[in-house]
Amino acid sequence: MSWPKEIRDDILVRCGRHCCICHKFCGLKIELHHIKHKSEGGEDSADNCIALCFDCHADQRSYDHTHPKGLKYSREELIRHRDKWYKLVNQNLGTGTPEHIEQDKHTFYLIYQIISPDPLIRYLKEKDFGEWKFSLKPLRPIYTFLQKIDDEPWVEFYDIDLETLKEELVHLMGKFCSKIASDTFDFKDGSYDSQCVPREWEIDQPERYSDTVAFLNQMAGEIVETYTSFVRLGKQKLGVIL
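Only a predicted model underlies this, so the values are computations on that prediction, with no experimental measurement involved.

Here is what the cut-offs are and how they apply
- Residues numbered from 1 in each chain as written.
- Predicted model: local features only at pLDDT ≥ 70, side-chain atom pairs only at ≥ 80, totals over all residues.
- Heavy atoms only, no water.
- Helix = DSSP H or I, 4+ residues; strand = E, 2+ residues; numbered from the N terminus.
- Buried < 20%, exposed > 50% of the residue type's maximum accessible area, 1.4 Å probe, protein only.
- Contact = heavy atoms within 4.5 Å.
- Areas by Shrake-Rupley, 256 points an atom, 1.4 Å probe, with all protein chains shown as cover.
- Lys, Arg positive; Asp, Glu negative; His and termini not counted.
- Charge placed at Lys NZ, Arg CZ, Asp CG, Glu CD.
- Pairing = 2+ DSSP bridges.
- Expected span 1.5 Å × (residues − 1).
- Polar contact = N/O pair within 3.5 Å; in protein donor to acceptor, adjacent residues only side chain to side chain.
- Phe/Tyr/Trp six-rings, centres within 6.5 Å; stacked < 30°, edge-to-face > 60°.
- Lys NZ or Arg CZ within 6 Å of the ring centre and 35° of its normal.

Visitor: Can you explain the overall build of the protein? Please cite residues and give values.
Guide: Scanning the protein for helices and strands turns up nine helices and five strands. Within the protein, the fraction of its 242 residues that count as buried is 42%. Long-range pairs, those at least 24 residues apart, make up 69% of the contacts in the protein between residues at least 6 apart in sequence. For the protein, the exposed surface amounts to about 13,900 Å²; the carbon and sulfur share of it is 52%. Here the protein holds 33 positive side-chain charges and 41 negative ones, and the gap between their average locations is 1 Å.

Visitor: Just give me the short version of the sheet that holds strand S3 (residues 134–135), but keep the residues and values in it.
Guide: Two pairing modes exist for strands in a sheet, parallel and antiparallel, and in both the strands are linked by backbone hydrogen bonds. One open sheet accounts for three strands, arranged S3-S5-S4; its pairing is antiparallel. Strands at the two margins of the open sheet, each flanked by one partner only, are S3 and strand S4 (185–186). When S3 meets strand S5 (residues 194–196), the two strands line up antiparallel, connected through two bridges. Within S5, the residue paired with Phe 134 across the bridge is Gln 195.

Visitor: Give me the lowdown on helix H9 (residues 206–238), citing residues and values where you can.
Guide: Note on helix geometry: an α-helix contains 3.6 residues per turn, so any two residues three or four positions apart are oriented the same way. Helix length check: H9, at 33 residues, gives a terminal C-alpha distance of 47 Å against a target of 48 Å (1.5 Å per residue), a fit within 8%. Following H9 by one or two positions, Gly 239 has its phi on the positive side, about 70°.

Visitor: I'd like to hear about unusual backbone geometry, residue by residue, with values.
Guide: For the peptide bond that leads from Asp 118 to Pro 119, omega is 15°, which places it in the cis range. Locating Pro 119 in the fold gives a position in helix H5 (residues 117–126). Unlike most non-glycine residues, Arg 17 shows phi in positive territory, near 55°. When you line up the elements, Arg 17 lands in the loop between helix H1 (5–15) and strand S1 (30–34).

Visitor: Lay out the pairing of strand S2 (residues 49–53) in plain terms, naming residues and giving numbers.
Guide: In terms of burial, S2 is a largely internal element, five of the five residues being buried. Burial along S2 is two-sided: Cys 49, Ala 51 and Cys 53 and Ile 50 and Leu 52, pointing in opposite directions, are all buried.

Visitor: Which residues make up the side chain of Thr 226, and what are the values?
Guide: Secondary-structure assignment places Thr 226 in helix H9. The buried category is assigned to Thr 226, whose relative accessible area is 10%. Within the local environment of Thr 226, its side chain forms a polar contact with the backbone oxygen of Glu 222, the two atoms lying 2.8 Å apart. With near-sequence residues (within four places) excluded, Thr 226 lies in contact with Leu 165, Glu 168, Leu 169 and Leu 172.

Visitor: Which residues make up the packing of aromatic side chains, and what are the values?
Guide: Considering all chains together, one arrives at seven aromatic pairs under this definition. Judged by centre distance (6.1 Å) and plane angle (80°), the rings of Phe 108 and Tyr 109 are edge-to-face. Given a relative accessible area of 30%, Tyr 109 falls into the partly exposed group. Each ring, one from Phe 157 and one from Phe 230, has its centre 5.8 Å from the other, and the planes form 65°; the classification is edge-to-face. In this pair, Phe 157 is assigned in the loop between helix H6 (140–151) and helix H7 (160–183) and Phe 230 in helix H9, connecting sequence segments 73 residues apart. According to the relative accessible area criterion, Phe 230 is buried, its value standing at 1%. Note that Lys 179 overlies the ring of Phe 215, its terminal NZ or CZ placed 5.4 Å from the centroid.

The analysis is restricted to geometry; functional conclusions fall outside its scope.
This is how it looks when you write it as structure tokens:
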């Protein structure tokens with residue numbers, strides 16, 4: 001659907017071409033969504049518009065009211081996501097205030113204390129999840145981090161780029177943990193923290209086996225890459241010393 005050019009340009013500037021829900025930078029891969037659908041009387045206005053990445057926009061369009069699965073975004077929630085993101089974008093203009101930089105340093109160190117290079121990042125970098133088993137112990141910081149974000153939603157950056165990378169880490173780690181929960185099982189070796197992708201799947205369900213191993217290895221690699229970018233950017237923008 002086409003939007004008036006002045007509205008389209010204003011929305012894209014206000015969101016910084018980031019998705020207002022997941023905060024991913026989209027560049028050209030961004031779409032404008034009617035919060036209240038035109039078929040329901042929604043207008044082509046800035047108040048009725050939210051910028052979304054392809055994935056988040058697909059979620060809005062694919063929700064089946066006759067067979068609901070999951071929780072649909074309400075109009076009020078979409079507006080709150082949008083307005084919150086606009087505020088963060090606006091606060092990041094220029095170099096940021098000293099107060100914002102100090103707060104971002106505090107947030108950065110808080111995350112770095114939970115997700116440290118060793119053992120988590122080193123383990124994800126070196127581990128092949130197609131091996132006979134893997135340990136949950138070095139992965140525990142991921143669960144701690146995700147719980148922290150759920151319990152304390154104030155853990156966010158004023159800086160748009162750092163906030164985007166943090167949200168990408170949350171997204172990747174969530175997908176990684178969900179796959180472990182759905183497609184790996186206890187490895188009975190008495191250690192209480194070992195998991196495995198069932199080897200019998202290699203014969204019984206070879207496609208599921210290979211897809212699961214490939215997914216876990218890919219997610220691990222993307223987590224390492226995003227974390228590395230996050231730490232590098234924190235050093236550059238905040239001057240943190242690690």
